[in-house]
Amino acid sequence: MPAEDAIFRGAMRLLASGVTIVATNCRGEYSGLTATAVCSLALSPARILASVNRAGRTYERIVESRIMSVNLLAEDHAPLADRFAGRTGAVGEDRFAHAAWEERVTGAPLLGNALAALDCRITEIVQLDTHALLIGVVEDILFGPARAPLLHFDGGFATALAPCSGGRDA
Ligand SMILES: Cc1cc2nc3c(=O)[nH]c(=O)nc-3n(C[C@H](O)[C@H](O)[C@H](O)COP(=O)(O)O)c2cc1C
């Protein structure tokens, strides 16, 4: 029997996640949302997965445009993450004001000072009940200035970049 929603939610609050903005360009209009349900999926070709609520405004636009960017946020991006989560009341293109965006290969908006901004073309969409898994091939990557990441943990934003013992990739 599945765990109760509240208990599951309480457990997943304890999973520290990187914070991203998933965005698209649908018929010349930008749309995007803050998302933590994002992960690297595979190499050769490089693929990424994002779980997006089907009831949101951005989902339908990604389905129509078949392109998305995944912008990896830095510690100074907490206000932007609030904005793209709808906490300031901004919707649609208004969310893109006050930051610099650029287009590369697909036309999806890339955040110029993200840690990295991945320019993706959607290859598969797996529909669940409330959410859909969007799988995209990464066609270009823009690297911004290196700094600490924005994390989400226990219901709030945090940052940390203190190495502890263990493996480290080259
Ligand atoms: C920290 C945080 C993480 C979030 N992660 C996701 C996510 O992974 N997927 C999702 O669909 N919504 C997520 N949301 C909610 C959306 O950002 C929010 O509902 C947004 O306003 C949807 O925008 P839209 O209506 O343009 O789609 C998250 C919100 C916050 C604050």
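Our structure is the block above this text.
Residues numbered from 1 in each chain as written. Predicted model: local features only at pLDDT ≥ 70, side-chain atom pairs only at ≥ 80, totals over all residues. Heavy atoms only, no water.

1. Observations regarding the site of the ligand
At step 1: Close contacts around the ligand come from 18 residues, with Thr 34, Ala 37, Asn 53, Arg 57 and Thr 58 the closest.
At step 2: Between the ligand and the protein, one listed contact pairs an oxygen atom with a backbone N or O atom of Asn 53 at 2.7 Å.
At step 3: Within the side chain of Arg 95, one N or O atom sits 3.0 Å away from an oxygen atom of the ligand.
At step 4: Expressed as a share of its isolated accessible area of 650 Å², the protein-covered part of the ligand is 78%.
At step 5: At a threshold of 2 Å from the grid points, most atoms of the ligand map onto the largest pocket.
At step 6: Of all the secondary structure elements, the ones that give two or more residues to the shell around the ligand are strand 3 (29-35), strand 5 (47-53) and helix 2 (57-65).
At step 7: If one sorts the elements of the shell around the ligand by residue count, strand 3 sits on top with four residues.
At step 8: Among the residues forming the shell around the ligand, the class breakdown is six nonpolar, nine polar and three charged. (Near = heavy atom within 4 Å. Polar contact = N/O pair within 3.5 Å; in protein donor to acceptor, adjacent residues only side chain to side chain. Areas by Shrake-Rupley, 256 points an atom, 1.4 Å probe, with all protein chains shown as cover. 1 Å grid on protein atoms, 1.4 Å probe; cavity = no way out; pocket = protein on both sides within 12 Å on 5 of 7 lines; lining within 4 Å. Sits in = over half its atoms within 2 Å of the grid points. Helix = DSSP H or I, 4+ residues; strand = E, 2+ residues; numbered from the N terminus. Nonpolar A, V, L, I, M, F, W, Y, C, P; charged D, E, K, R; others polar.)

2. Digging into the pattern of salt bridges
At step 1: Across all of its chains, the model carries eight salt bridges by this definition.
At step 2: Note that Arg 87 and Asp 82 form a salt bridge whose closest N and O atoms lie 2.8 Å from each other.
At step 3: Take Asp 82: its relative accessible area is 24%, and that puts it in the partly exposed class.
At step 4: Linked through salt bridges whose partners overlap, the residues forming this network are Glu 102, Arg 104 and Asp 140. (Salt bridge = Lys/Arg side-chain N within 4 Å of Asp/Glu carboxyl O. Buried < 20%, exposed > 50% of the residue type's maximum accessible area, 1.4 Å probe, protein only.)

Honestly, that's just the spatial picture; any functional story needs more than this.
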